[in-house]
Each structure stands twice: as C-alpha cells, then as structure tokens.
Amino acid sequence: METVRIPNQATYSPISLTDLMVAAPLASRILLGATPPGRALQAVALGAYAGSVAVDWFARRNVRAIDFLDTFGADVKHLTPMPEEEREREVEWLTERVNDEYTAERIPRAELARRINRHLTDFIAGTTNQRVETSSEIRQFTLAGLVFPFALGTCDIFSGDVSILRDAGVFEPHIIAHEFSHRKGYLKELHAQVLGYLAMVGSGEAVLVQSARCERLHRNLWVLADRDPVRYRTMIEEGALREELRDDFMALHPEDGPAEGTMANLMRRLYDERMKLTGQNGLSDYDEGFTNFLYTSERRAAEA
Ligand SMILES: [Zn+2]
C-alpha cells in the first residue's frame, strides 16, 4: 500500500513554536526590559515554524482525502436530522453499552497517542487505500488553552501541533483521535469527530471503544439538554449511567466553570462564526452534526 509521510517537525519542538512567536518578545520585555533577545528568539521560532509548515504542505499534496458523502452517505451539507425519540433511544442503548463494557484501564498518554494514531491510520487506509503517517507527539500546554477555556484539546492546522489541555478521563482517547484527524489533514470539525469516533469504536481496544461510545452518548445528552449545563447535569444525575463514569461526564460541563464566563461566550461566538466561514455549520457540528452524521450513515448502511 502507498504511504505518505508528513514529517510534522513542529510537533517535536519542546515548546509550541506559535507560543514562542507570541510570547518571546513579551517575556523578554518583562524580564529584561529590552526586546532584542525576544526578537531573535521570535525570528528563530518563526523560521522553524514556517519551515515545518512548508515541508508538511509539500508532503500533503499526495494525500488522497476521504470522500465522506460517497463513503458514509453523509457530509457537512447532507445530514438527516435525528428525531428526538431516536436520540432518546440511542442514549438508552449507549448507556447500557458503556455500563456493561466499562473498563477502568488507563493507558499512559504517550503510549495511548501511539496506539490511537495507528488505529486512525489503519482506518483511513481502509477507505483510501493509502497510509498517511503523522507524528504521535502531544503537548500539555499552549497559550491557546488560556484563550479557549472551553477547549479540551487544540490542533494548529498549519503545523499539526496538538495539545491536550486538561485531563478529560474517559474522553481523552476520543479527543486525541479528533485532534490527530486534523493533523492528518481533515480540518472540518465534523470530519474530525466522525473519523475519531469510527476509528476508535472499531479499534477492538476496550479503552478506545469506551471513549468513542462515551463521546457519542455525551453529545446526544448535550443536544437533548439544549446545551444547558444545568439540564445536562440533571440528566446525568437522574440517568442510569454507572458511578465510575459520572464524574467525567459532569466535568465536561461544570455549572459555573471557566466555559461559562462572558469572555468564553464571546470566544465561542467568534469560533462559531469562523467555522461558518470555512464551510461548516458552526459549533453544532461537534454535537448535533456529529450525531446526525452517524444516524444518517447507519441508516443508509441498514437499508443497503
Ligand atoms: Zn477540532
């Protein structure tokens, strides 16, 4: 099988090059009262960043992208809305599955990232007949995490730099798979959600399957709760989800968390607009779009 290797050099830098470009002049001004060392560092970071982006771009020209509509029968613009009763039935079914197949196993992040990357590469190769090899590196901190307090992970679409911003427990494998899908060139949020889900749910590894199902359950609940943290939390409290999983579900939508402030709401609105400008439906692609996509695709498969 043909293999395309995207070097992702920027992901191997000890700190994020974008952070270095933004923060180096500022830090040197504060620490040294002068800008030249910061400027020099900024120039080095910028050069390394631009170099990495160019090399990746060159490698990426040979990537065969998945045609989502053709392969799965759904796409950003082709989604059958899921009826509410159907969503409720799916919540019930998923709750049963994650309860019955619960595993407490945790895999250390570096090893987890390698396994997820391999499953994702295998899954994509299964539909395109081409292996797109990318880095498995993950960062624990970026300045973007301070700007987007509601984000659990980020991916710089130019350099492929991925960071996981906080411990999301059972959801972590899905978040990594989502960000790694971006790194492999799938920039739309809906596509990253779907690829992450399908690659993990079909991986045959209990921890990864659990994460995928929990993400699908979480997104269904969030839609049913009208994206209201209080209603969402009540649904978890009164639902049948087993004890060991509840805290992780609750932590995603704290009643009074950092995601609820005015600034966070403003950033969320800007982000929603940015998504619409890039041919997406907006933030709803993460939850409503994602669950509608699976619904559309699974219905088509059942009819075939
Ligand atoms: Zn994303």
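Residues numbered from 1 in each chain as written. Predicted model: local features only at pLDDT ≥ 70, side-chain atom pairs only at ≥ 80, totals over all residues.

Observations regarding the overall build of the protein
Within the protein one finds 13 helices and 4 strands. Against the globule reference of 19 Å for 304 residues, the protein gives a C-alpha radius of gyration of 20 Å, in line with a compact fold. The C-alpha extent of the protein, read off along each of the three principal axes, is 60 × 50 × 40 Å. The burial tally for the protein puts 38% of its 304 residues in the buried class. At a minimum sequence separation of 6, the contacts of the protein that also span at least 24 residues come to 68%. (Helix = DSSP H or I, 4+ residues; strand = E, 2+ residues; numbered from the N terminus. Rg over C-alpha atoms; globule rule 2.2 N^0.38 Å. Buried ≥ 20, exposed ≤ 12 C-beta atoms within 10 Å, placed from the backbone. Contact = placed C-beta atoms within 7 Å.)

Some thoughts on the environment of Gly-239
Mapped onto the secondary structure, Gly-239 falls in the loop between helix H10 (229–238) and helix H11 (243–252). Taking C-alpha positions, Gly-239 is 9.8 Å from Val-91, a pair spaced 148 residues apart along the chain.

Focus on the domain arrangement of the protein
Partitioning the protein into domains gives domain 1 (2–6 + 11–60) and domain 2 (68–303). The gap between the C-alpha centroids of domain 1 and domain 2 is 29 Å. Between domain 1 and domain 2, the contact holds 18 residues from the first and 17 residues from the second. Put simply, the parts of the chain that give the side of domain 1 that touches domain 2 at least two residues each are strand S1 (2–5), helix H1 (17–32) and helix H2 (36–60). (Domains from an automatic or database assignment.)

With respect to the packing of helix H8 (residues 189–201) against helix H9 (residues 206–224)
Running from N to C, H8 and H9 point in directions that differ by 140°, and their axes come no closer than 7 Å. Classified by the angle their axes make, H8 and H9 are oblique. Of the two possible hands of crossing, H8 and H9 adopt the one that is left-handed. Contacts between H8 and H9 involve Tyr-197, Met-200 and Val-201 from the former and Leu-208, Val-209, Ser-211, Ala-212, Arg-213, Glu-215 and Arg-216 from the latter. Here the contact of H8 with H9 is composed, by residue class, of 6 nonpolar, 1 polar and 3 charged. (Axes fitted to C-alpha atoms, helices over the stretch in contact; angles between N-to-C directions. Parallel < 35°, antiparallel > 145°, perpendicular 65-115°, else oblique. Left-handed = near helix turned anticlockwise from the far one by under 90°. Nonpolar A, V, L, I, M, F, W, Y, C, P; charged D, E, K, R; others polar.)

Topic: the nonpolar core
Of all hydrophobic cores here, the largest spans 57 residues; its most connected members are Ile-116, Leu-120 and Ile-176. Per element, the largest residue contribution to this core is 9 residues, and it comes from H8. Residues within four places of Ile-176 in sequence aside, it is in contact with Leu-112, Ala-113, Ile-116, Ile-138 and Ile-164. With 6 residues, the next largest nonpolar core counts Ala-10, Leu-17, Ala-45 and Tyr-49 among its residues. (Core = buried A, V, L, I, M, F, W, Y, C linked by C-beta atoms within 7 Å.)

Topic: helix H13 (residues 288–303)
Taking 1.5 Å per residue as the helical rise, H13 with its 16 residues ought to reach 22 Å, and the 22 Å between its terminal C-alpha atoms agrees with that figure. Of the positions making up H13, those classed as buried are Glu-288, Gly-289, Phe-290, Thr-291, Asn-292, Phe-293, Leu-294, Tyr-295 and Ser-297. Contacts from the buried residues of H13 go to helix H3 (68–72), helix H4 (84–100), H8 and H9. (Expected span 1.5 Å × (residues − 1).)

Structural notes on the environment of Val-44
By the secondary structure assignment, Val-44 is in helix H2. Accessibility expressed as a C-beta count within 10 Å gives 14 for Val-44, which makes it partly exposed. For the pair Val-44 and Leu-17, spaced 27 residues apart in sequence, the C-alpha separation works out to 9.2 Å.

Side note on the environment of Arg-60
With respect to the secondary-structure elements, Arg-60 resides in helix H2. What makes Arg-60 partly exposed here is the crowd of 16 C-beta atoms within 10 Å. Between the alpha carbons of Arg-60 and Leu-41 there is a distance of 28 Å; along the sequence they are 19 residues apart. Among all residues touching Arg-60, those that are not within four sequence positions of it are Ile-6 and Gly-185.

So, helix H5 (residues 109–128)
Over its 20 residues, H5 runs 28 Å from end to end, which matches the ideal 28 Å to within 8%, given 1.5 Å per residue. Among the residues of H5, Leu-112, Ala-113, Ile-116, Asn-117, His-119, Leu-120, Phe-123 and Ile-124 are the ones counted as buried. If you follow the buried residues of H5, they end up packed against strand S2 (130–133), helix H7 (172–183), H8 and H9.

A few points about the packing of H5 against H7
Contact geometry for H5 and H7: axes closest at 10 Å, N-to-C directions at 55°. As far as their axial angle goes, H7 and H5 are oblique. Note on packing geometry: the crossing formed by H5 with H7 is right-handed. Residues Leu-112, Ala-113, Ile-116, Asn-117 and Leu-120 of H5 pack against Pro-173, Ile-176, Ala-177, Phe-180 and Ser-181 of H7.

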